[in-house]
Amino acid sequence: MIQGVDAGAMISGHQGRIRKFNPGAFQDDSDLVEQFVVRQFEFETIVSILQDNSESDSCQHIMVVASRGRGKTMLLARTAAELRSRDELARKLFPVRFMEESLEVFHMADFWLDALYYLAAECARRDLGLARELRGRHANLCKRWRSQDLELHARAAVLDAADRLGRRLVLMVENFQALLQDVNEDFGWKLRQILQTEPQIMLVGSATSQFRGLTDAEAPFFDFFRVLELKPLNTQDCQRLWTNITGESVEERLIRPLEILTGGSPRLLAIVAGFNRHKAAQKLMEDLVRLVDERTEYFRGCLKVLARTERRVFLAVIDLWQPSTASEVRDRARLDIRTVSTMLGRLVDRGAVIRTGKGRKRLYAATEGLFSIYYKLRRDRDEAGAVEYLVRSMAAFYGNPERQADSGSRIEEAVESKTVRQAASRILEDIPELADAVAESATVLQDAASLFNRGSAAQSEGDLATASAAYGEVIDRFGNSKTTAVKGYVAVTMFAQATVKLELKEFVSARSVCKDTIVRFECSDESFGQWAVAYAFLIRGHIRQATGDVKLAMQAWQEVINRFGNSDQAGLHWPVCRAMVFKAQAHYDNNDPISAVAGCDRLIRRFGKSHEPNLQGAIAEGLMLKGAALEQSGRLDSAIEAYAEIVNRFDHHEQLSLQEWAFDAHMAAARLAMSTGRSERAHASCSYLKNRLTAVDGVSLSARILGKGVSLFVDLGKPQLALDTFRSLLERFSPHNESSTRDIVNLVIAMLAGGVSARGLVNILSGSAASAAIGPLLIAVRMEAGETVRAPRELLAVARDILRQVGLRRENRGAARNDAEGLPRLSTV
């Protein structure tokens, strides 16, 4: 952004050292070529112009305009490398790169002395003799600084060198706007005359903005240069740059937040990549606050180079964050409007601030929005405030789609994983020897129990590597024990290890653990041995399914049913029940509704009268699957009966998770009634659901159920019911919960795409206590409602992406509705 900070900073990429501030300094041309992966169009444009110049008596000169950090220096360095390495260009053109800041240039004599100095430096690459001669001539001319004809002699020395080289000189002068601020009055006109009349000299300059010298009709360089403006990197460019720096590819949905937060600045993206290069890219959002904190010296340095009053105005701009008028900046900076206007002009010329609009409608904002994020975090360290909410909104909207279950998704996966842990605990408690031995101190069992508990805790926290290591140690150390209690721990641990390997998608390892479990405990008479074998076959089925072999998956699940289907052991009922559901689901997924219905019927016959709490969810799931399969086969009346049975069983059940299945059944029946023209029945279901939704207890669960209700009312074309239910849902919204934020975002997108009033949503969202937590979403809805919204660029960028998603959802509404009506995949262990 502002020059003079950390000029030597570099990060290691997979292709050598990448400089964020001085590209090309002490770098081989081959490194520059490999590292230059963006700005290809601008690069080719410059090279094409220079190539044309090499054959013309009149040269077209170039000015690259962009704010700091946009890649001007890298572009010029890459151009110089091309002029040196491409033979057809190297024979005609000779690059002369000036220092990034021409701090010693005050008049034309200084300019030509600088040109001679850097010409000598460039000659050192090819002709040491000529380089020494030019350095000597430069030294002699510098001693004659009082001479009136110093300018003429210095210019002659440069042109003479060009003649001796037999090439035209391409002078690359960066920060041209700063150079013109410090030179005497006739400098610009003199330079223009030389550039117009001397074909041996061409200039490629860079500037941080469209400075007055380019736009003022009275200025020497008005309408003189071919101006190339470097726009912020787009998403694809950010992907390419990220991969070049880290050596890792990154998905568009993960790089888009980085593009927004860095403003598409190659320099800031390089900083982020350097911080994050040994992590998965999706972790960055959670680490943003720490990232900004660790880059504090960079931000501080940029601020320190500003004069006091200029800094005060700049701080006001970054604190306001959103594009602001001069009057708003004045009030925030507590300075008079004349001083503020002057300082804003300087900041615009520096490239620190961008200006949009005209006259009194002019708006000012920091060129690099990350400065606003930095300043707000530093001013209020305990509460990230708007920044934290922005990050949460971005994480929710751009997060992993595999984690973005829509509002109608089942909670069965969480229930099942909890049930599995509880079942494992019960199996352990059922072994008297184990229960007694665990109470003893300094025993082998205590070591096994400690390791198992360590793995279980790590698995619960998502640290699968630690969990796997702990489980593996239990199996290695105690796997050959003959003690019943120890074998019980080994059995449970092998099951847990298989689940971890499955979650890690290490299918070969998972299959090996399952095979070892079956071999080890297949002939066991202990209950824990049979339990371990049952779960091994159950998990083996999931492994087969995950690797695309559905037939073998169903065989594995059928093995569970054959071996343990008639067992009276309560611990075996759950895996048998799940195996039946999974097999029926596989038939349904393979368009075999008859087999799916038959499988669900077997499940109900076997366990339908059971009152075991852990089986009720699977029974509800089986009935729901049966209804879907009956729909698939065209037996719509029977499908409605299946849904009605779920309602009868669970509508007022004491377990809220089972009430959710009743709501699912109500909703499926309502959709089916509407699609088959039974509008009265659909209307009755909607009215019933509306009344029941507000009676559900439990903040977390009721929010999910309300979300399903919103989706249903949108799909059935009942926008007011959708709005009323959404209002109730928003009252339960937890702004610090990423999953809740994701659900709200997805619901609003679905509502807008489904024709729900944007104005109605604005009224609900803006009136909510959590409106600050969903800033980008509220902005998107306001824009959809036709409002002109002034907000920080980062929030506007997210809002526009949300609206693009709304547009895509509208275009694919028919397909999306079909997907929503299909039964979601049933969860695995």
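Residues numbered from 1 in each chain as written. Predicted model: local features only at pLDDT ≥ 70, side-chain atom pairs only at ≥ 80, totals over all residues. Heavy atoms only, no water.

## Some points on the packing of aromatic side chains
Geometrically, a pair of aromatic rings is defined through the distance of the ring centres and the angle of the planes.
Part 1 of the argument: In this structure the tally under the stated criterion is 23 aromatic pairs.
Part 2 of the argument: Ring centres 5.8 Å apart and planes at 80° place the aromatic pair Phe176 and Phe225 in the edge-to-face group. Of the two residues, Phe176 sits in helix H8 (residues 176-182) while Phe225 sits in the loop between helix H10 (212-215) and strand S7 (226-229), which places them 49 residues apart along the sequence.
Part 3 of the argument: Given the relative accessible area of 0%, Phe176 is considered buried.
Part 4 of the argument: Overall, Phe225 belongs to the buried group, its relative accessible area being 9%.
Part 5 of the argument: Pairwise contacts between aromatic rings join Phe98, Phe111, Trp112, Tyr117, Tyr118 and Phe187 into one cluster. (Phe/Tyr/Trp six-rings, centres within 6.5 Å; stacked < 30°, edge-to-face > 60°. Helix = DSSP H or I, 4+ residues; strand = E, 2+ residues; numbered from the N terminus. Buried < 20%, exposed > 50% of the residue type's maximum accessible area, 1.4 Å probe, protein only.)

## Structural notes on the pairing of strand S4 (residues 93-97)
Part 1 of the argument: Judged by how many residues are buried, S4 sits mostly within the fold: four of five residues are covered.
Part 2 of the argument: With five bridges connecting them, S4 and strand S5 (residues 168-173) associate as parallel partners. Each residue of the ladder has a partner; that of Leu93, found in S5, is Arg168. (Pairing = 2+ DSSP bridges.)

## A closer look at the environment of Trp574
Part 1 of the argument: Considering the arrangement of structural elements, one finds Trp574 in helix H29 (residues 570-589).
Part 2 of the argument: Judged by relative accessible area, Trp574 falls into the buried class, the value being 6%.
Part 3 of the argument: Taking the C-alpha atoms as reference points, Trp574 and Ala618, separated by 44 residues in sequence, lie 8.4 Å from one another.

## Regarding the sheet that holds strand S6 (residues 201-207)
Part 1 of the argument: A sheet is described by the order of its strands in space; here five strands give the open sequence S4-S5-S6-S3-S7, paired in parallel fashion. The sheet terminates laterally at S4 and S7, the two strands that pair on one side only. When the angles between neighbouring strand axes are averaged without regard to direction, this sheet yields 20°.
Part 2 of the argument: Direction of pairing for strand S3 (residues 62-65) relative to S6: parallel, over a ladder of four bridges. The residue bridging Ile62 from the neighbouring strand is Val204, located in S6.
Part 3 of the argument: Its contacts with the sheet place helix H2 (residues 40-53) against S3, S4, S5, S6 and S7, and it is angled at close to 165° to S7. (Axes fitted to C-alpha atoms, helices over the stretch in contact; angles between N-to-C directions. Contact = heavy atoms within 4.5 Å.)

## What to know about the side chain of Ser54
Part 1 of the argument: Tracing the backbone shows Ser54 in the loop between H2 and S3.
Part 2 of the argument: Accessibility expressed as a relative area gives 12% for Ser54, which makes it buried.
Part 3 of the argument: Once you skip the residues sitting within four places of it in the chain, Ser54 turns out to touch Lys92, Leu93 and Arg168.

## A look at the environment of Glu198
Part 1 of the argument: Residue position: Glu198 is located in the loop between helix H9 (187-197) and S6.
Part 2 of the argument: Along the backbone, Glu198 and Arg168 are 30 residues apart, and their C-alpha atoms lie at a distance of 9.9 Å.

## Some remarks on helix H24 (residues 464-478)
Part 1 of the argument: Its 15 residues give H24 an end-to-end C-alpha distance of 21 Å, which sits within 8% of 21 Å, the value for a rise of 1.5 Å per residue.
Part 2 of the argument: Those residues of H24 not exposed but buried are Leu464, Ala467, Ser468, Ala470, Tyr471, Gly472, Val474, Ile475 and Phe478.
Part 3 of the argument: Those residues of H24 that are buried are in contact with helix H23 (444-460) and helix H25 (484-503). (Expected span 1.5 Å × (residues − 1).)

## What to know about the packing of helix H5 (residues 108-123) against helix H6 (residues 128-143)
A pair of packed helices is captured by two measures, namely the crossing angle of their axes and the spacing between those axes.
Part 1 of the argument: The interhelical angle for the contact between H5 and H6, taken along N-to-C directions, is 160°, at an axis separation of 8 Å. If you check the angle between H5 and H6, you find them roughly antiparallel. The way H5 lies across H6 gives a crossing that is left-handed. Residues Leu113, Leu116, Tyr117, Leu119, Ala120 and Cys123 of H5 form the contact with H6, whose participating residues are Leu128, Leu130, Ala131, Leu134, Arg135, Arg137, His138, Leu141 and Cys142.
Part 2 of the argument: Here the residues of the contact of H5 with H6 are counted per class, giving twelve nonpolar, one polar and two charged. (Parallel < 35°, antiparallel > 145°, perpendicular 65-115°, else oblique. Left-handed = near helix turned anticlockwise from the far one by under 90°. Nonpolar A, V, L, I, M, F, W, Y, C, P; charged D, E, K, R; others polar.)

## Some points on the nonpolar core
Part 1 of the argument: If you look at the biggest cluster of nonpolar residues, it comprises 94 residues, and the most contacted ones within it are Phe314, Phe726, Met751 and Leu761.
Part 2 of the argument: Excluding its chain neighbours within four sequence positions, the residues that come into contact with Leu761 are Leu723, Phe726, Val748, Met751, Leu752, Val756 and Val781.
Part 3 of the argument: Counting 87 residues, the second-largest nonpolar core is a separate cluster that includes Val474, Tyr489, Phe495 and Ala620. (Core = buried A, V, L, I, M, F, W, Y, C linked by side-chain atoms within 4.5 Å.)

## Looking at the layout of surface pockets
Part 1 of the argument: Estimated volume of the second largest pocket: approximately 940 Å³.
Part 2 of the argument: As for the second largest pocket, its lining consists of 39 residues, of which Ser209, Gln210, Phe211, Arg212 and Asp349 are closest to the centre.
Part 3 of the argument: Only H8, H9, H10, helix H18 (337-350) and strand S8 (353-356) provide two or more residues apiece to the lining of the second largest pocket.
Part 4 of the argument: Per element, the largest residue contribution to the lining of the second largest pocket is four residues, and it comes from S8.
Part 5 of the argument: A per-class count over the lining of the second largest pocket returns 14 nonpolar, 14 polar and eleven charged. (1 Å grid on protein atoms, 1.4 Å probe; cavity = no way out; pocket = protein on both sides within 12 Å on 5 of 7 lines; lining within 4 Å. Points joined across faces, edges and corners; volume = space filled by probe spheres on them.)

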